[in-house]
Amino acid sequence: MELINNIDIAAQAIGAGKLVAFPTETVYGLGADALNPLAVAKIFELKERPSFDPLIVHIADLQQLEKLVSVIDERVYRLAAQYWPGPLTMVLPKSNRVPDIVTSGLPTVGIRMPNHKIALELIQKSGCPIAAPSANKFGRISPTTSAHVKKQLPRVDFILEGGKTTVGIESTIIKLTGTGFQVLRNGIITQEELEKILPFDGNSILEEQSAPGMMKSHYSPGKKFLIAQGAVLKIEKSKAGLISFSGNLEKGCRKVIRVSEREDLKDYAVNMFEALHAFEDDPDIDIILAEPVPETGIGKAIMDRLRKAEFNWRHSLNHVGP
Ligand code: AMP
Ligand code: MG
């Protein structure tokens, strides 16, 4: 593993079929040439990601989009004009240029244009679209700094340094339907915001398999993690690290990370994975708690992630009482 600042070296590596972890505005991605199936296979191997979980392809301009999809409807351009570059992924019918390994055999491909100078320059200089999931082991906490990547993927060829990411959670993923759009994954671009451009399609059933990689457990820390609500509030907090939002739950906790000084949900999104990493690495902390937030707007994206992070630890809930 080599930590680098030089985008030319990173682009050459992508061209040579190697893996480069790089910053985007959401989280760090683990990138490979999206049109090179052997390079893409290395992503699945290094992340230990199951082959049924499709990757998002990152582009730097709309010409690349046109080569990757079989039909573009006018709505895609409308959304792109408003949100690209930015944290919105659109799932679209794929062209036969896109290798099956990228889409896990699906007839659709997830595409986004990241709003990040280094990411865009890397894609441009590589001369190819870049397939990239988050640069963490499958199911674990997403990385928002190069140190988080190094911790989980020490065998990656290169990590391109880009400081801490500014959005902090993964992109919103949508799919277009006959009458509007459906949300496959919540992010900081909310359903309410998108509804200003396109109607939300609440009528068609979201098929079970429409976003195959959406697991009940994800973002999972390597030590006990629970959302601080209900019975959890009664536990002995003296060895707990609390991810705090309002400040109301802090009393008695061993350590506290306040994710926002001004109680802004955007700050929660920006800082939540970093706080999880910090407590995961802290030997003084036995249990990590996170303050829940109301499930509206960005709160939806935050609570989705907290619930998935908690999933594998929920069984321990019965044993947390006094
Ligand atoms: P990430 O792991 O952040 O790269 O996100 C990838 C997720 O995007 C996958 O787990 C899927 O849920 C979703 N996704 C990517 N491509 C597609 C697709 N073609 N159809 C539906 N969902 C997709
Ligand atoms: Mg991920």
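In the block above lies the structure referred to throughout.
A brief structural summary. (Residues numbered from 1 in each chain as written. Chains lettered and ligands numbered in written order. Predicted model: local features only at pLDDT ≥ 70, side-chain atom pairs only at ≥ 80, totals over all residues. Heavy atoms only, no water.)

1. Looking at the sheet that holds strand β12 (residues 240-244)
Pairing is parallel in the open sheet, where four strands are placed in the order β11-β14-β12-β13. The sheet is open, and its two borders are formed by β11 (224-227) and β13 (255-258), each paired with just one other strand. Across the sheet, the mean angle separating the axes of adjacent strands is 20° when strand polarity is ignored. For β11 and strand β14 (residues 287-290), the ladder comprises four bridges, and the chain directions are parallel. (Pairing = 2+ DSSP bridges. Helix = DSSP H or I, 4+ residues; strand = E, 2+ residues; numbered from the N terminus. Axes fitted to C-alpha atoms, helices over the stretch in contact; angles between N-to-C directions.)

2. Re the sheet that holds strand β3 (residues 29-33)
What links the strands of a sheet is backbone hydrogen bonding, and the strands pair in either a parallel or an antiparallel sense. Ordered by their spatial adjacency, ten strands build an open sheet running β1-β8-β2-β3-β7-β4-β6-β5-β9-β10, and the pairing between neighbours is mixed. Both outer strands of the open sheet, β1 (2-4) and β10 (181-185), are each paired with one neighbouring strand and no more. Here three bridges tie β1 to strand β8 (residues 158-160), and the two strands are oriented parallel to one another. Bridge pairing in β8 places Glu2 opposite Phe158. Across the face of the sheet, helix α2 (residues 37-47) comes into contact with β3 and β7 (130-131) while running at roughly 155° to β3. Packed onto the sheet, helix α4 (residues 74-83) meets β5 (88-93) and β9 (172-176) and runs at close to 165° relative to β5. (Contact = heavy atoms within 4.5 Å.)

3. Comments concerning the site of ligand 1
Around ligand 1, 19 residues are found, and the nearest of them are Arg49, Asp53, Thr108, Arg185 and Ser210. Contact between ligand 1 and Asp53: an oxygen atom at 2.5 Å from a side-chain N or O atom of the residue. The pocket occupied by ligand 1, as judged from atoms lying within 2 Å of grid points, is the largest cavity. Sorting the residues of the shell around ligand 1 by element identifies β6 (108-112) and β10 as the ones contributing at least two each. Broken down by element, the residue count for the shell around ligand 1 peaks at three residues, all from β6. Its residues assigned to classes, the shell around ligand 1 comprises twelve nonpolar, four polar and three charged. (Near = heavy atom within 4 Å. Polar contact = N/O pair within 3.5 Å; in protein donor to acceptor, adjacent residues only side chain to side chain. 1 Å grid on protein atoms, 1.4 Å probe; cavity = no way out; pocket = protein on both sides within 12 Å on 5 of 7 lines; lining within 4 Å. Sits in = over half its atoms within 2 Å of the grid points. Nonpolar A, V, L, I, M, F, W, Y, C, P; charged D, E, K, R; others polar.)

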